[in-house]
Amino acid sequence: MANKPGLFRNLGTFVGHITKAIRTPVDPDRREVARTTHAAETTAPDGTPITLRRTTIDEVERRGGG
């Protein structure tokens, strides 16, 4: 019967994985294609002027491959 790893071994492995994930540099292979912003000026029911704004960002992201 093989011995199972103990609590501290599992905890150390967990912390090691988290540490590696934090230290690994991220190389995003994504590119912004278009950014569209629409804005409209209007007034609230109480007469306060408000601005309604919607921004859409189109991106291309390459996955896998190499």
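Description of the structure in this document.

Calculation rules
- Residues numbered from 1 in each chain as written.
- Predicted model: local features only at pLDDT ≥ 70, side-chain atom pairs only at ≥ 80, totals over all residues.
- Heavy atoms only, no water.
- Helix = DSSP H or I, 4+ residues; strand = E, 2+ residues; numbered from the N terminus.
- Rg over C-alpha atoms; globule rule 2.2 N^0.38 Å.
- Buried < 20%, exposed > 50% of the residue type's maximum accessible area, 1.4 Å probe, protein only.
- Contact = heavy atoms within 4.5 Å.
- Areas by Shrake-Rupley, 256 points an atom, 1.4 Å probe, with all protein chains shown as cover.
- Lys, Arg positive; Asp, Glu negative; His and termini not counted.
- Charge placed at Lys NZ, Arg CZ, Asp CG, Glu CD.
- Salt bridge = Lys/Arg side-chain N within 4 Å of Asp/Glu carboxyl O.
- Pairing = 2+ DSSP bridges.

### Focus on the overall build of the protein chain
Here is step 1 of the chain: Looking only at helices and strands, the protein chain features one helix and two strands.
Here is step 2 of the chain: For the protein chain, whose C-alpha radius of gyration is 25 Å, the value lies well above the compact-globule estimate of 11 Å for 66 residues.
Here is step 3 of the chain: Along the three orthogonal principal directions, the C-alpha set of the protein chain runs to about 75 × 40 × 20 Å.
Here is step 4 of the chain: Relative to its full complement of 66 residues, the protein chain shows a buried share of 0%.
Here is step 5 of the chain: Here the analysis covers contacts within the protein chain between residues at least 6 apart in sequence; of these, 36% occur between residues at least 24 apart.
Here is step 6 of the chain: Here the protein chain has roughly 6,600 Å² of accessible surface; of this, 55% comes from carbon and sulfur atoms.
Here is step 7 of the chain: Of the side-chain charges in the protein chain, 11 are positive and 8 negative, and the distance between the mean point of each set is 14 Å.

### Considering the environment of Leu7
Here is step 1 of the chain: Counting through the fold element by element, Leu7 comes out in helix α1 (residues 7-23).
Here is step 2 of the chain: Residues Leu7 and Ala21, spaced 14 residues apart in sequence, show a C-alpha to C-alpha distance of 21 Å.

### Some remarks on the pattern of salt bridges
Here is step 1 of the chain: Summed over the entire model, instances satisfying the criterion amount to one salt bridge.
Here is step 2 of the chain: Between Arg35 and Glu32 there is a salt bridge, and its shortest N-O distance comes to 3.0 Å.

### Structural notes on the environment of Phe8
Here is step 1 of the chain: Tracing the backbone through its elements, the reader meets Phe8 in helix α1.
Here is step 2 of the chain: On the basis of relative accessibility, which here comes to 69%, the residue Phe8 falls in the exposed class.
Here is step 3 of the chain: Separated by 50 residues in sequence, Phe8 and Asp58 place their C-alpha atoms 46 Å apart.

### Things to note about the pairing of strand β2 (residues 49-61)
Here is step 1 of the chain: Two elements, strand β1 (residues 30-43) and β2, share 13 bridges in a ladder whose sense is antiparallel. By the bridge assignment for β2, Thr42 is matched with Ile50.
Here is step 2 of the chain: Between β1 and β2, which follow one another and run antiparallel, lie five residues, and Gly47 among them has a positive phi close to 95°.

Purely spatial values, then, with no claim about function.
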